[in-house]
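# Topology and contacts: notes
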Amino acid sequence: MTMIDLSLTPRRAALLEGLDTEVHVLVSIAAPDAPPGVAPRTPLNLALVLDRSGSMAGRPLHEAKRCAEYMIRGLTPADRVAVVTFDDAVDIVAPSTPASAQDGVVAAVRKIRSGGSTNLHGGWLAGAESVGAHVQPGGLSRVILLTDGQANHGETDPHRIAQDCARLAAAGVTTSTYGLGDGFNEDLLQLMAASGNGRSYFGETAEDLMDPFREEFDLMRALCARQLRLKLEPAPGVEAKVINLTRVDADGRTIVPDVAYGGVAWALVRLRVPASLAEAGRADVHLLTTTLAFQTTAGELRTTAPAHLRLSRLPAAAFAAVAEDPVVTARWQEARSAEVQEQAREAAAAGDWGRVDALIADAQRTAGDNAWAQESLAALEQIARTRDTLRFRKEAAYKSARMRERLYEASEDSAAAYDATFEQTKRSYLRRKPREGKNMSE
Amino acid sequence: MGRIDPSTLLEHFEGDIEALSDRATAWLDLQGLHDAEAPSSRVVRDYVQRGILSRPERRGRDAVYETRHLIELLAARALVRDGWPLAKIAEFMAGAKPEDLRALLAPRPSPQSALDAVRQIKARVAMPKEALMLRMTGDQMKASALRAAAPAHVAQIPGGHPHVRVERMSKLEFADDLTVLIGERRLAVMTFDDAEAIGRAVTAALLAAKPRGGKP
């Protein structure tokens, strides 16, 4: 009955006899390839919130409007959409409207003109209000905010803004953000999306925005389960820490990104197992129990049956002979590279390019045979060579988030050569881009 | 007035098997959840037999059910809707903590909760400007310090809210024992549809709160 498959895979399926052991365990949360039969599609309830401040004049605003139009045209009559713009003032261009009236909404979008400074929070809040009035338990309600600038009018405190996003997410309105160019505040936009249970994307130029818009649209259309909450119960004496995901809910459960058909969401858990549990003479050792709570597309709350991890203890020679699981290794390489890229981002912000170069080299060693991670790090290294701090910070921030949180395809072979053309045959939300801020189709 | 909060039905319950069944049914109705089988007293007895529900307390000849039985019953029904077999549910219940069971009954999002959140955020964004306009005398400073500490004091009242809301109310007296209070701001923007929705919510709440034994 439960359509989500929760499983635990250790990187190496054994414990080292008589010694403390660190075990990496992949918790994979796999969605089926496609919905069974004619599954009800999640109705979308969206607010498109567009920055029309002075800096967006010309090409950026033109592209933002084109992306908005793409999304509006893709909606079905069961969906709703509102359009809000903001500069120093907030303007509800189109109040929440059933998407059957999409021609009128598109006409309103085409009339948007650029204006003054940036009341980002005010624009977001007006979007949240438009969407909030039409929240349904089984639907997906989301504010999609696009900006090229900093919040410099109205509420500007990033933590307060993020708290507000979290509050609305708890009430059923999620937030996704799109940053454009070099001048936006990536910390704020990523924090808003993380707190708002949405996604965060960026485009280096206006032309690079269509890829992420398409990706999010496909993802929203293909969602299989939302509000995933993973509960870890390590055995007494065992320490467990999730290394790729950092957010937890009020009950201490790890918040896992939404999962869409054909994709696998994941958490990489590091277990510290004391020697006392791996003493010779003991049978298989129970280390971890996990359960996953989630919401179906029909809005029903579900909980998976618990998954357990038990490992046997082996003497050193036999332990060394146990092969590593390639999928767990690939996720570990990505999670570790993400961590190093975040450090490189801080070093770049401090102007310490020597350290940036050293950290990239470190990440390249960590990435090993992971072809996509290597391709991504090569692209990052190229940006580092230009010493362009703003661009480097943005690419590193979004790349590391992607490496920590992406959905992967169950059949993906991380060690096979990376081929951008092949990636484009995949569903857009499962593609691995070499550069987060660039269109792949260039 | 607004929509009744279903979570209030999950607090301070004590009653016989019929009252338990009624309270569980009212909660399911308010959540818009429609079970294949209502949580009748027959279901409750069966679940106690199977070890899914803890045994009720015996007071003389009466069996008394409490809040934890209500939570167990609703959590078990949530798992049944998820397709769990009863034997598995009994196994799960044996090891489950109270917070695990409550997590299965998490509230569903609604326009009411989203728009309440928007209103509160708007109120906060508007507040600092007013606060800056205050010129403080000694008494005003004391008053201000007390106001700032209000949430902490309120939190010490059993069941106290994290924030105190002040709202002007209109009182509508229909009979000596029937009064309705409604916020003035809400009354000012009331539409025909709003009034109808409130009427339905009142009906549902009255039926849920009504003690058993009376005729429907």
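Residues numbered from 1 in each chain as written. Chains lettered and ligands numbered in written order. Predicted model: local features only at pLDDT ≥ 70, side-chain atom pairs only at ≥ 80, totals over all residues. Heavy atoms only, no water.

Here we come to the sheet that holds strand β6 (residues 90-98) of chain A. All names here are of chain A. Spatial ordering of the open sheet is given by β6-β5-β4-β7-β8-β9, a layout of 6 strands whose pairing is mixed. Each edge of the open sheet is held by one strand with a lone partner, namely β6 and β9 (200-203). Averaged over all pairs of adjacent strands, the angle between strand axes in this sheet comes to 15°, irrespective of strand direction. With 7 bridges connecting them, strand β7 (residues 140-147) and strand β8 (residues 173-180) associate as parallel partners. (Pairing = 2+ DSSP bridges. Helix = DSSP H or I, 4+ residues; strand = E, 2+ residues; numbered from the N terminus. Axes fitted to C-alpha atoms, helices over the stretch in contact; angles between N-to-C directions.)

Right, let's get into the pattern of salt bridges. All names here are of chain A. Summed over all chains, the structure comprises 53 salt bridges over all chains. One salt bridge connects R221 with D79, and the closest N-O pair in it is separated by 2.3 Å. Here R221, found in helix α6 (residues 210-221), pairs with D79, found in the loop between α1 (59-74) and β5 (80-86); they are 142 residues apart in sequence, far enough to count as distant. Between K394 and E186 there is a salt bridge whose closest N-O contact spans 2.9 Å. You can see K394 sitting in helix α11 (residues 389-405) and its partner E186 sitting in helix α5 (residues 186-195), a full 208 residues away along the chain. In this structure, a network of salt bridges that share partners links the residues R331, E334, R406, E409, E412, E423, K426 and R432. (Salt bridge = Lys/Arg side-chain N within 4 Å of Asp/Glu carboxyl O.)

Next up on the list: the side chain of N370(A). All names here are of chain A. In this structure, N370 sits in the loop between α9 (353-367) and α10 (371-386). A relative accessible area of 0% means that N370 is categorised as buried. If we skip the residues at most four places from it in the chain, N370 touches A330, Q333, E334 and S414. (Buried < 20%, exposed > 50% of the residue type's maximum accessible area, 1.4 Å probe, protein only. Contact = heavy atoms within 4.5 Å.)

This next bit is on the side chain of E204(A). Residue and element names in this part refer to chain A. Along the polypeptide, E204 turns up in the loop between β9 and α6. What makes E204 buried here is its relative accessible area of 5%. Looking at E204, its side chain comes within polar contact range of the side chain of R391, at 3.3 Å. A distance of 2.9 Å separates the side chain of E204 from the side chain of R435, its partner in a polar contact. Discounting chain neighbours no more than four positions away, the residues touching E204 are G181, R391, E395, R435, G437 and K438. (Polar contact = N/O pair within 3.5 Å; in protein donor to acceptor, adjacent residues only side chain to side chain.)

So, about the sheet that holds strand β3 (residues 62-66) of chain B. By way of backbone hydrogen bonds, the strands of a sheet pair with one another, either parallel or antiparallel. Residue and element names in this part refer to chain B. Spatially, β1-β3-β2 is the arrangement adopted by the 3 strands of the open sheet, whose pairing is antiparallel. One side of each edge strand has no neighbouring strand; the edge strands of this open sheet are β1 (14-15) and β2 (57-59). Across 2 bridges, the pairing between β1 and β3 is antiparallel. Across the sheet, residue G15 finds its bridge partner in β3, namely Y65.

The next thing to look at is the packing of aromatic side chains. All names here are of chain A. This model, assessed by the stated rule, comprises 7 aromatic pairs over all chains. The positively charged end of R214 is found above the aromatic ring belonging to Y70, 5.4 Å away from the centroid. The cationic tip of K394 hangs over the ring face of F184; the distance from NZ or CZ to the ring centre is 4.8 Å. (Phe/Tyr/Trp six-rings, centres within 6.5 Å; stacked < 30°, edge-to-face > 60°. Lys NZ or Arg CZ within 6 Å of the ring centre and 35° of its normal.)

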